[in-house]
Amino acid sequence: MSNRGLSHIGLSTLDLDKTREFYEDLLGFKPVVCDTIEIEEGGKIRHIFFDTGHHQLLAFMEARDVPGVPREYDAGINSGLGVPGGFYHFAFEAGNESALAQKRDELRTKGIQVSDVVDHNWAKSIYFKDPNGISLEYCCLMREFTADDAHMQDRFKLPLKALDDPINALQSPDKH
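About the criteria used
Residues numbered from 1 in each chain as written. Predicted model: local features only at pLDDT ≥ 70, side-chain atom pairs only at ≥ 80, totals over all residues. Heavy atoms only, no water. Helix = DSSP H or I, 4+ residues; strand = E, 2+ residues; numbered from the N terminus. Contact = heavy atoms within 4.5 Å. Pairing = 2+ DSSP bridges. Axes fitted to C-alpha atoms, helices over the stretch in contact; angles between N-to-C directions. Buried < 20%, exposed > 50% of the residue type's maximum accessible area, 1.4 Å probe, protein only. Arc of directions from axis to C-beta. Polar contact = N/O pair within 3.5 Å; in protein donor to acceptor, adjacent residues only side chain to side chain.

**Some words on the side chain of Asn132**
Position of Asn132 among the secondary structure elements: in the loop between strand 7 (123-129) and strand 8 (135-141). With residues up to four places along the chain from it excluded, the contact list for Asn132 reads Ser12, Thr13, Leu14, Thr19, Phe60, Ala75 and Gly76.

**Notes on the sheet that holds strand 7**
The strand order 5-8-7-6 describes an open sheet built from 4 strands, whose pairing is mixed. Single-partner strands in this sheet number two, and they are strand 5 (89-93) and strand 6 (118-119).

**So, the sheet that holds strand 4 (residues 57-64)**
What links the strands of a sheet is backbone hydrogen bonding, and the strands pair in either a parallel or an antiparallel sense. In space, the 4 strands of this open sheet follow the order 1-4-3-2, with mixed pairing throughout. Taken across any chain shown, the strands that pair with only one partner, and hence form the sheet edges, are strand 1 (8-12) and strand 2 (30-38). Between one strand axis and the next, the sheet turns through 20° on average, direction left out of account. The pairing of strand 2 with strand 3 (residues 44-51) spans 8 bridges and is antiparallel. The residue of strand 3 that forms the bridge with Ile37 is Ile45. Sitting on the sheet, helix 1 (residues 16-26) is in contact with strand 2, strand 3 and strand 4, with an inclination near 5° to strand 3.

**Some points on helix 1**
Burial in helix 1 covers these residues: Leu16, Thr19, Phe22 and Tyr23. One side of helix 1 carries all its buried residues, which in axial view fall inside an arc of 130°. Buried residues along helix 1 sit in contact with strand 3, strand 4, strand 5, strand 7 and strand 8. With a side-chain oxygen positioned 3.2 Å from the backbone nitrogen of Asp17, the residue opening helix 1 is Asp15.

Laid out in structure tokens, this is it:
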């Protein structure tokens, strides 16, 4: 069987309404499945799937009064695990450099704090967070991969702060 990409990524949220507003209204992802799951032992789970493109889905679950599920927890993943904010993140495809810059400007117009475009040599990216504190990225490839790219090697340096706060740490010097 050949690899066919991702079907979906499942995440949690404490506020599905706020999460839906962000992903649907601000990012423009279409909800394709919304359901409520009744738990036999008590409580319910609200569940929503967004099509992020090419039928690759991003799903969120919100537990309501489900035994054994805490009412409050860190849905942002990274700080709950005690690792920098960039360790667990999700990157959406921007398509090309022009679309990436357009997406950055669009998100800023909608009041979302977004990094400047960051050049990784093989790709360019922008970084931001969702209302759950989940680290997100829009990215576009800038060239074809080479055999050399697959060899582990020193490529660049970053300040430690960039792993936790790329939005502010990777801004152009004239933006500070």
